[in-house]
Amino acid sequence: MLDEQGIAWLMGELVATAEATGQTISENTVTLMAADLASFPQSQLRMALSRTRKECTGKLTLKLILDQLDVAQGRLAGNEAWALALRAREERDTVVWTDEVAQAWAVAAPMASGRDLVGARMAFKDAYERITQNARDTFKRPEPQIAVGWDNAQRIAVVTEAHNDGRIPLALALRVVGSHEVAQVRGRLVPVASGGLQVGYDGQGVPFKLPAPAAGAGMLALGGPQGALPAVMNSGLLAPNVAQRIREIQASAVITDRKKKRRASAQARLERWKLGQAKRAANEAVAQRLAQEAGTT
């Protein structure tokens, strides 16, 4: 709810918007419109009035502003909502929609299942118009929701895209995708590929994966001088959990390599000792044989 200063700002914006659309507006009309719009946040009102001045050329009406407020709040138009709802027919697909679309689809879904798409569309649009009008009357914003399908790859792709586009908050996204499926990079979600670690976005915003180590190179290729990762590790593009995991792998590989070297060194010392013992035993046997031969002559 706007305070007195906010209402004064709103009335001034309404007058200026009316003038920008080529009309004059009475003080009484401005007062009534400001009273009807005072419950909306100032940021949304500023966005809606700006869009009205840029995109609308007709007479300034309350409905015109409310339509722009719908856009600012993420409320879909009827045809757009219907097109989105149709995707929910596919059980494999994950759909990001709003509670208003979901409620309207619940009314139309039985008809759509019976192949009566014409009747389903009419029922959906009537229900959606009623639901959204009630929401406008009570100043209720549409709430984003996710209808989850069985296709895991598509689920991850849809949810990460919706979050990165600003359509759903992080908390909602993480209810549907797990920490083993996505990584957070600079406020964005990045899918973690099943075949290897996923790192993030390059300078152009394109996601990329860590290169696989060369065959036979072993885990040391991840951090060795011949590996492809040192520059990536220092670039700041890696998600913190991915970078930490790589460091753990590198440390483990170094420790394993040192143990192998110590075992090899100990084995070599043992072999040298055995060889020395064998040489001494052979020399003693030769000396004893020579002494025996000397005693018989």
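Residues numbered from 1 in each chain as written. Predicted model: local features only at pLDDT ≥ 70, side-chain atom pairs only at ≥ 80, totals over all residues. Heavy atoms only, no water.

Participant: Go over the overall build of the chain, please, and point to the residues and values.
Facilitator: Assigned secondary structure in the chain consists of 11 helices and 6 strands. Relative to its full complement of 297 residues, the chain shows a buried share of 35%. Long-range contacts, defined as pairs at least 24 residues apart, comprise 59% of the intrachain contacts of the chain with a sequence gap of at least 6. Counting every atom, the chain has about 18200 Å² of accessible surface; 55% of that belongs to carbon and sulfur. (Helix = DSSP H or I, 4+ residues; strand = E, 2+ residues; numbered from the N terminus. Buried < 20%, exposed > 50% of the residue type's maximum accessible area, 1.4 Å probe, protein only. Contact = heavy atoms within 4.5 Å. Areas by Shrake-Rupley, 256 points an atom, 1.4 Å probe, with all protein chains shown as cover.)

Participant: Tell me what's going on with empty space enclosed by the protein, and back it up with residues and numbers.
Facilitator: Enumeration over the complete set of coordinates arrives at 1 cavity of 30 Å³ or more. The volume enclosed by the largest cavity comes to roughly 60 Å³. Looking at the largest cavity, the residues that line it are Phe40, Leu66, Leu69, Asp70, Gln73, Arg75, Ala135, Arg136, Phe139 and Lys140. When contributions to the lining of the largest cavity are tallied by element, the ones reaching two or more residues are helix H4 (62-73) and helix H7 (117-137). (1 Å grid on protein atoms, 1.4 Å probe; cavity = no way out; pocket = protein on both sides within 12 Å on 5 of 7 lines; lining within 4 Å. Points joined across faces, edges and corners; volume = space filled by probe spheres on them.)

Participant: A description of the packing of helix H6 (residues 99-113) against H7 should follow, citing residues and the corresponding values.
Facilitator: Viewed as axis vectors pointing N to C, H6 and H7 meet at an angle of 160°, and their least axial separation amounts to 8 Å. On the basis of their axis angle, the class for H6 and H7 is roughly antiparallel. Two packed elements cross with a definite hand, and for H6 against H7 that hand is right-handed. Across the interface between the two elements, Glu100, Val101, Gln103, Ala104, Trp105, Val107, Ala108, Met111 and Ala112 from H6 touch Leu117, Gly119, Ala120, Ala123, Phe124, Ala127, Tyr128, Ile131, Thr132 and Ala135 from H7. Residues belonging to the contact of H6 with H7 are distributed by class as follows: 15 nonpolar, 3 polar and 1 charged. (Axes fitted to C-alpha atoms, helices over the stretch in contact; angles between N-to-C directions. Parallel < 35°, antiparallel > 145°, perpendicular 65-115°, else oblique. Left-handed = near helix turned anticlockwise from the far one by under 90°. Nonpolar A, V, L, I, M, F, W, Y, C, P; charged D, E, K, R; others polar.)

Participant: Quick rundown of helix H2 (residues 27-37)? Include the residues and the values.
Facilitator: Listed as buried for H2 are Val30, Met33, Ala34 and Leu37. The buried residues of H2 occupy one face: seen down the axis, they fall within an arc of 100°. Among the exposed residues of H2, those pointing more than 90 degrees away from its buried face are Asn28, Leu32 and Ala35. Buried residues belonging to H2 abut helix H1 (4-20), helix H3 (42-55) and H4. (Arc of directions from axis to C-beta.)

Participant: Run through the layout of surface pockets, naming residues and quoting values.
Facilitator: Computed from the structure, the largest pocket encloses a volume of approximately 440 Å³. In terms of lining, the largest pocket is formed by 22 residues, of which the most central are Gly74, Leu76, Val96, Thr98 and Arg167. Mapped by element, the contributors of at least two residues to the lining of the largest pocket are H4, helix H5 (78-86), strand E1 (95-98) and helix H8 (152-164). With 4 residues, E1 is the largest single contributor of residues to the lining of the largest pocket.

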